[in-house]
Amino acid sequence: MTDRTAMRTAVAVLVGAVAVILDSTIVSVALHELGGDLHAGVGTIQWVSTAYLLALGVVIPLVGWLQSHLGAKRLWMAALTVFLLGSVLCSFAWDAPSLIAFRVVQGLGGGVMMPLLTTIVMQAATGPDRARLMSTVALPAAVGPILGPVIGGLILGVGDWRWLFLVNVPLCLAGLFLAWRMIPADGPARRAPLDAVGLVLLSPSLVALLWGLSNVTKPGGFGRADVLAPLIAGAALLVAFVLWALHRRGAALVDLEVLRSRPTWAASALMFLSGASLYGAMLLLPLYWQQLRGTDALGAGLLLIPQGVGSLLSRSVAGRLMERFSARSVTVLGFLLVGLGTVPFAFAGAHTATWWLLATLFVRGLGMGIVMIPLMTVAFVGLGREQVPHASTVTRIAQQVGGSVGVALLAVILATSATRTGSLASAFDIAFWWTVGFTGIALVLALLLPGRSGTQAGADARPVPVAAGAGRA
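Residues numbered from 1 in each chain as written. Predicted model: local features only at pLDDT ≥ 70, side-chain atom pairs only at ≥ 80, totals over all residues. Heavy atoms only, no water.

Draft legend 1. A look at the overall build of the protein chain. On a plain count of helices and strands, the protein chain comes out with 21 helices and 0 strands. The long-range fraction of contacts in the protein chain, counting pairs at least 24 apart against all pairs at least 6 apart in sequence, stands at 83%. Carbon and sulfur atoms make up 70% of the accessible area of the protein chain, which amounts to about 18,200 Å² in all. (Helix = DSSP H or I, 4+ residues; strand = E, 2+ residues; numbered from the N terminus. Contact = heavy atoms within 4.5 Å. Areas by Shrake-Rupley, 256 points an atom, 1.4 Å probe, with all protein chains shown as cover.)

Draft legend 2. Layout of the pattern of salt bridges. Across all of its chains, the model carries 3 salt bridges by this definition. The residue Asp160 makes a salt bridge to Arg162 at a minimum N-O spacing of 3.7 Å. Of the residues examined, Arg162 reaches a relative accessible area of 26% and is grouped as partly exposed. Of the charged contacts in the structure, one is a salt bridge between Arg260 and Glu257, with a shortest N-O distance of 2.7 Å. (Salt bridge = Lys/Arg side-chain N within 4 Å of Asp/Glu carboxyl O. Buried < 20%, exposed > 50% of the residue type's maximum accessible area, 1.4 Å probe, protein only.)

Draft legend 3. How the structure looks around the packing of helix H4 (residues 47-59) against helix H7 (residues 96-124). The N-to-C vectors of H4 and H7 enclose an angle of 35°; their axes lie 7 Å apart at closest approach. Considering only the axes of H4 and H7, their crossing is right-handed. Mapping the contact onto sequence places Trp47, Val48, Ser49, Ala51, Tyr52, Ala55, Leu56 and Val59 in H4 and Leu99, Ile100, Arg103, Val104, Gln106, Gly107, Leu108, Gly110, Gly111 and Val112 in H7. Residues of the contact of H4 with H7, tallied by class, amount to 12 nonpolar, 5 polar and 1 charged. (Axes fitted to C-alpha atoms, helices over the stretch in contact; angles between N-to-C directions. Left-handed = near helix turned anticlockwise from the far one by under 90°. Nonpolar A, V, L, I, M, F, W, Y, C, P; charged D, E, K, R; others polar.)

Draft legend 4. The arrangement of the packing of aromatic side chains in detail. Tallied over the full model, the rule gives 12 aromatic pairs. On the numbers, 5.3 Å between centres and 40° between planes, the contact of Phe345 with Phe432 is tilted. Of this pair, Phe345 sits in helix H17 (residues 327-347) while Phe432 sits in helix H20 (residues 424-446); the two residues are 87 residues apart in sequence, bridging distant segments of the chain. For the pair formed by Phe345 and Phe432, the shared burial category is buried. Centre to centre, the rings of Trp355 and Trp356 are 6.2 Å apart; their planes meet at 70°, and the pair counts as edge-to-face. (Phe/Tyr/Trp six-rings, centres within 6.5 Å; stacked < 30°, edge-to-face > 60°.)

Draft legend 5. A look at the environment of Leu447. Mapped onto the elements of the fold, Leu447 is located in the loop between H20 and helix H21 (454-460). Judged by its relative accessible area of 51%, Leu447 is exposed. Linking Leu447 and Arg328, residues 119 residues apart in sequence, is a C-alpha distance of 5.9 Å. Not counting residues within four places of it along the chain, the set of residues in contact with Leu447 comprises Arg328 and Val332.

Draft legend 6. Looking closely at the packing of helix H14 (residues 262-292) against H17. Orientation of H14 relative to H17, taken along the N-to-C sense of each, is 25°, at an axis distance of 12 Å. Taken together, the axes of H14 and H17 are roughly parallel relative to one another. Between H14 and H17 lies a crossing of left-handed hand. From H14, Leu270, Ser274, Ser277, Leu285, Tyr288 and Trp289 reach across to H17, where they touch Thr331, Phe335, Val338 and Phe345. Broken down by class, the residue content of the contact of H14 with H17 amounts to 7 nonpolar, 3 polar and no charged. (Parallel < 35°, antiparallel > 145°, perpendicular 65-115°, else oblique.)

Draft legend 7. Representation of the nonpolar core within the structure. Judged by nonpolar contacts, the single largest core of 84 residues is most densely connected at Trp76, Val112, Leu116 and Phe241. For this core, the element with the highest residue contribution is helix H19 (residues 388-421), accounting for 9 residues. Excluding anything up to four places from it in sequence, Val112 contacts Val59, Val63, Leu66, Leu75 and Ala79. (Core = buried A, V, L, I, M, F, W, Y, C linked by side-chain atoms within 4.5 Å.)

Draft legend 8. Representation of the confidence of the model for the protein chain. Residues with a pLDDT of 70 or more make up 88% of the protein chain, whose mean pLDDT is 81. When mean pLDDT is taken per element in the protein chain, helix H6 (residues 72-91) scores highest with 93 and H21 scores lowest with 41. Taken as a whole, residues 453-473 scores under 50 in pLDDT and shows 58 contacts with residues more than four places along the chain or in a different chain. (pLDDT = per-residue confidence, 0-100.)

Draft legend 9. Main features of the side chain of Ser87. Within the fold, Ser87 resides in helix H6. Its relative accessible area of 0% is what places Ser87 among the buried residues. A distance of 3.2 Å separates a polar atom in the side chain of Ser87 from a polar atom in the side chain of Asn168. Discounting residues that sit within four places of it in the chain, Ser87 has contacts with Gln106, Phe165 and Asn168. (Polar contact = N/O pair within 3.5 Å; in protein donor to acceptor, adjacent residues only side chain to side chain.)

Draft legend 10. The arrangement of the environment of Val242 in detail. Considering the arrangement of structural elements, one finds Val242 in helix H13 (residues 225-248). What makes Val242 partly exposed here is its relative accessible area of 31%. Along the chain, Val242 and Leu202 lie 40 residues apart, while their C-alpha atoms are 8.8 Å from each other.

Draft legend 11. Expanded view of helix H5 (residues 63-70). Looking only at H5, the buried set comprises Val63, Gly64, Leu66, Gln67 and Ser68. Once H5 finishes, Gly71 follows within two positions and takes phi at roughly 90°, a positive value.

Draft legend 12. Main features of H7. The terminal C-alpha atoms of H7 lie 41 Å apart, and with 29 residues this matches the ideal 42 Å at 1.5 Å per residue to within 8%. Here H7 lies mainly inside the structure; 24 of its 29 residues are buried. (Expected span 1.5 Å × (residues − 1).)

Draft legend 13. Expanded view of the environment of Val216. Within the secondary structure layout, Val216 lies in the loop between helix H12 (196-214) and H13. Relative accessible area serves as the criterion here: at 2%, Val216 is assigned to the buried category. Residues Val216 and Ala408 lie 192 residues apart in sequence; the distance between their C-alpha atoms is 5.5 Å. Not counting chain neighbours up to four residues away, the residues in contact with Val216 comprise Gly221, Phe222, Val227, Ala408 and Val412.

Draft legend 14. A look at a nonpolar patch on the surface. There is a patch of nonpolar side chains on the surface, built from Val58, Val82, Val104 and Leu108 and spanning about 240 Å² of accessible area. Checked against the element boundaries, Val58 lands in helix H4. (Patch = residues over 30% accessible without salt bridge, like charges linked within 9 Å, V, L, I, M, F, W, Y side chains within 5 Å.)

Below is the structure:
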């Protein structure tokens, strides 16, 4: 039986997180309309998405330090309030620069919430409860990238683009009320001093890497100056941070000592690969339906629904599988299903039966839903309460950068393959084979995860107490 306080906490953060998870993909389908209405070119309006992405990267490393000073509940409510404010401001934007600035406000709030969500749930539950609760709070993360374009297309079909942001308001208000009532008050915590050097190294490194990778999709690919310079600078800063963090040990902005745990570093590596596979494929799949099959943006989004349904259904099963089998077995099963659901697209052409591809998308969705639960749970096995925020930050960074790498690589592979072969169908086949390759590497790495049952692994984790009750922040 799942602890009632832990379940109430999971529900509270779930409601607040839905808007953040859906927001980026909902907005992505509206860039054309935004450009026309705000009289901005493609190069300018793309910053509506890019600025949001970079704001996420800036703030993620600070989450652990902020939590030590404000507490998880206060920080969650503050971040959700910032995201709400940003959403309202975006709906009143009068030109492209103002909208881009307000998207940064949104990104700062959302960037705090995503790693904090995992921290709150992991600190609220122990043992087998962790897998059950993660299967609940991970639902939006599974269906968000898939249903976001559909919801965005429907909103644009019946209303103004400003409703893409106003739709967040009721979700955020409900999330704030539930957080106030249901998230337990924080107990005493050690306030960590700010690692200013680590902040100066890590946040700019993530911004540079994400910015460089976001530019890869433009003509010229990896040969562009605005790709090479940020990537080189970002990599250099990241290496410098790693050396600094190893020197500082527990006093670093993000304590890399958590990676001494094999489950944590293996799960982080797999989160990187799953991010590349999920977001990379979410670049390829809509393009396949639009460019090769001739559907419009909304039609392409609707054709991706089977993948979302599969992911939704498998999330409820994944928690139970973790109780009966090992994290290793469940993860291998998930990646195997992802691979099986992707291979048919590597053989697909312009006239492949639609029903067959929809069936394989359902299988792919099942795999993605199964994979995330053991990864998001096992990453915290054996860690103490004070280490959980650091592990949350590491895994979130891994997934964020992995997703950007996947999108960048597959965009370049698709473009260069189309030029080299002269066939768009062949180019998509090659790009999907690369996605299968990401999955194959993940299958090998999954063998490094714990081999004991999910219940045993969870039981081995150090107790993570939370204050009883749901006191106010």
